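# Coordinates in review
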Amino acid sequence: MSERFYSTTLLTLFSHRGGTSIPVISASILTLIGFALFKRKAKGTQASENLPWQGRISIYSHIESHIDSEGRVTEEGDKLPDAGIGDKPGDMWVSGGLDGSYGHHVGGGSDTRLAAKVFGLATEISKKDKLAKKVQLYNLLAEDHTVMFLDPALERIVNSRISPKPKLHEYARWLAKRAPDRGAVKFGIALLGIIRDRSDLETVRLLGKHDEFTLYSAVAISNMLDDPTQELWQLAQQVDGWGKIHLVERVAETEDPIIQEWLLREGYKNRVSNEYLAYVCAKNGNLRSAMSREDIDDELLESAGEIIQALIEGGPAEDMNDYEDGIFVVESYLNQMQTRADKLRDLIAVDKIRSFLKYIEEGRKGLVDLEHKEDIPEGMVKLISDGRLKSFVDDFDKDKENLEVMGWTESKRAFLMEVAVSVISQPKWEERVRDYLSRKDDIDVYILSQSSEIVGMDIWEEQCEMLREDPLNSGLWYHVAKGANEARMQKVIDLAQELLPLVKIARGPSMDILQGEDFMISSSLEWILQELGKHPTQGYQLVEVGIRCSGIRTRNAALQVLSKWGRDNWEPEVEGLLRKALSEEPDRDVRVHIKNVLRGRSSE
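Presented here is a report on the structure given in the accompanying data block.

What counts, and at which threshold
Residues numbered from 1 in each chain as written. Predicted model: local features only at pLDDT ≥ 70, side-chain atom pairs only at ≥ 80, totals over all residues. Heavy atoms only, no water. Axes fitted to C-alpha atoms, helices over the stretch in contact; angles between N-to-C directions. Helix = DSSP H or I, 4+ residues; strand = E, 2+ residues; numbered from the N terminus. Left-handed = near helix turned anticlockwise from the far one by under 90°. Contact = heavy atoms within 4.5 Å. Nonpolar A, V, L, I, M, F, W, Y, C, P; charged D, E, K, R; others polar. 1 Å grid on protein atoms, 1.4 Å probe; cavity = no way out; pocket = protein on both sides within 12 Å on 5 of 7 lines; lining within 4 Å. Points joined across faces, edges and corners; volume = space filled by probe spheres on them. Phe/Tyr/Trp six-rings, centres within 6.5 Å; stacked < 30°, edge-to-face > 60°. Buried < 20%, exposed > 50% of the residue type's maximum accessible area, 1.4 Å probe, protein only. Lys NZ or Arg CZ within 6 Å of the ring centre and 35° of its normal.

Moving on: the packing of helix α26 (residues 460-469) against helix α27 (residues 474-481). A pair of packed helices can be characterised by two numbers: the angle between their axes and the separation between those axes. Look at α26 against α27: their axes get within 10 Å of each other, and the N-to-C directions meet at 150°. Crossing geometry of α26 relative to α27 is assigned as left-handed. When α26 is examined against α27, the residues W460, Q463, C464, M466 and L467 are found in contact with a partner set consisting of L476, W477, H479 and V480. A per-class count over the contact of α26 with α27 returns seven nonpolar, two polar and no charged.

In structure tokens, the structure reads:
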């Protein structure tokens, strides 16, 4: 979300516009009052039994009934009761993903037309409290385009002469606690935030435990409290996805040493991508100072390795190219690893540093050489044909120059490379991989695959056997299919047909969001389909399942395979399959994809 609206100055205007504060009323009484307001039958509106929220469970109640003993929303509670009702854009994202991605990568919404509608209806409700206007606004909010209009809508409300109490305040409370649609709840939280009545803090806090609403709760809490840091930090310890990203970004500049230490050990970890928070936690948690300690405990050292990997990986936020203390932290970490590296996680972290050093040294040469090679990696062809390779190389040169200014000099890189290679070359690692593989239970597929690759061990057969014990492990399917030759791919295909209950997902196209076992089956199939494009005619049965899958992403993956194979390699029945799929396909974009495949057009 844009920080333009979420500025403290703007949000605090509402609370200083005259009027006295209302007495604090118990939450249960307020809820009953709010519900009674919506039950009124107004002339010219539908009867109460036809109201859009009638007979549906409120999101607040759903979250409240799915909180575990640690104060977190359970896996079951993560799925909101309005999922699949209407055409909500957020349905296709993980909780909070649409608002989080839009805010971080696009900026705040600026739909002034929609904002004007919301403002006008809110004004009417604040003055006359008519049910017809509430229904009209509710229906608009239920579509959950909140991120598109919230900033300009609330800005107009704040800058207007609207009196928030009592009618608009009661309306906001009702939306937050009784609305069954996420968009309405978000708007309710936002209104409570600009009204700034602390008696609403508990409501906002509970809703904030669900990643879909954490951003809105974080802003509301920041405006309700003069110093919201502790409140936001406590909430940050109860969410793991986009909500945690929003909260950590807001508490990171604290001078509280306890929170700073937490940033280094736990703050950066989230289910979306550690890369979002690695820099902010390393910088504000003062990782440099922590790595200067005489006694660095194992937990901190492991966290430092994960932060370094995320900074090297880069992508969605600031990375190693921005981190001025990076060279010091990496050198301190490698010095510790010379004597303390013992876990496979340590091996992977050190190898990531080695790869980064190699990239700095050889990256530009490797990119330039691609112009003179016939065997150009897939995905780079378009880059070169569009004349963008030079720009890509220039960007690399700027990064390298910047890194050298920050201390990543040639001599320092050579020294660090020597240390990294010495750690990776220690003879114990192959034994560590075998010990890890023998555990059978509690094996992290990523750690096993990465570490075996680093030490040059081929564990493909072992991974295939692991699939018999854990057939819905999509990570395992990715690794056994990745780069498989013709013989190995055939075995992967046979295993998939034997082990995956594919009939469960081949029930025809839909707009449904796959959940639970269906999601795991489709994800596993998608990894295989990703590789099948390199093996014309192999695995047609799996492609057919993909075309018939109820998940949109899987259908697209199967279409991609047929496009890469080319019509000359199709089975005779493929065209009929595609035409039938086209007649049944509910998604417009997938229909376009099917047409392109039938016409022999590239699906890239």
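Now for the layout of surface pockets. Empty space left among the atoms is revealed by rolling a probe the size of a water molecule over them. Space inside the largest pocket adds up to approximately 1200 Å³. Along its surface, the largest pocket is lined by 39 residues, and D78, W93, V94, I513 and Q515 are the ones closest to its centre. For the lining of the largest pocket, the elements supplying multiple residues, two or more each, are α4 (75-78), α29 (516-532) and α31 (552-565). Looking at the lining of the largest pocket, the element that brings in the most residues is α29, giving five residues. Of the residues belonging to the lining of the largest pocket, the class tally is 14 nonpolar, eleven polar and 14 charged.

Turning next to the packing of aromatic side chains. If you walk through the whole model with that rule in mind, you get nine aromatic pairs. Between the aromatic rings of W53 and W174, the centroid separation amounts to 5.0 Å while the plane-to-plane angle is 65°, which identifies the pairing as edge-to-face. Of this pair, W53 sits in the loop between α2 (27-39) and α3 (59-64) while W174 sits in helix α9 (residues 167-178), placing them 121 residues apart in sequence. Accessibility assignment for this pair places W53 and W174 in one class, buried. Arranged with centres 5.4 Å apart and planes meeting at 85°, the rings of F356 and W408 form a pair that is edge-to-face. Linking F356 in helix α20 (residues 344-369) with W408 in the loop between α22 (389-405) and α23 (410-424), this pair joins segments that are 52 residues apart in sequence. Residue F356 shares its accessibility class with W408, and that shared class is buried. Through pairs of rings, three or more aromatic residues link up here, namely W53, Y138 and W174. The ring of F328 has R288 lying over it, and the distance from NZ or CZ to the ring centre is 4.1 Å.

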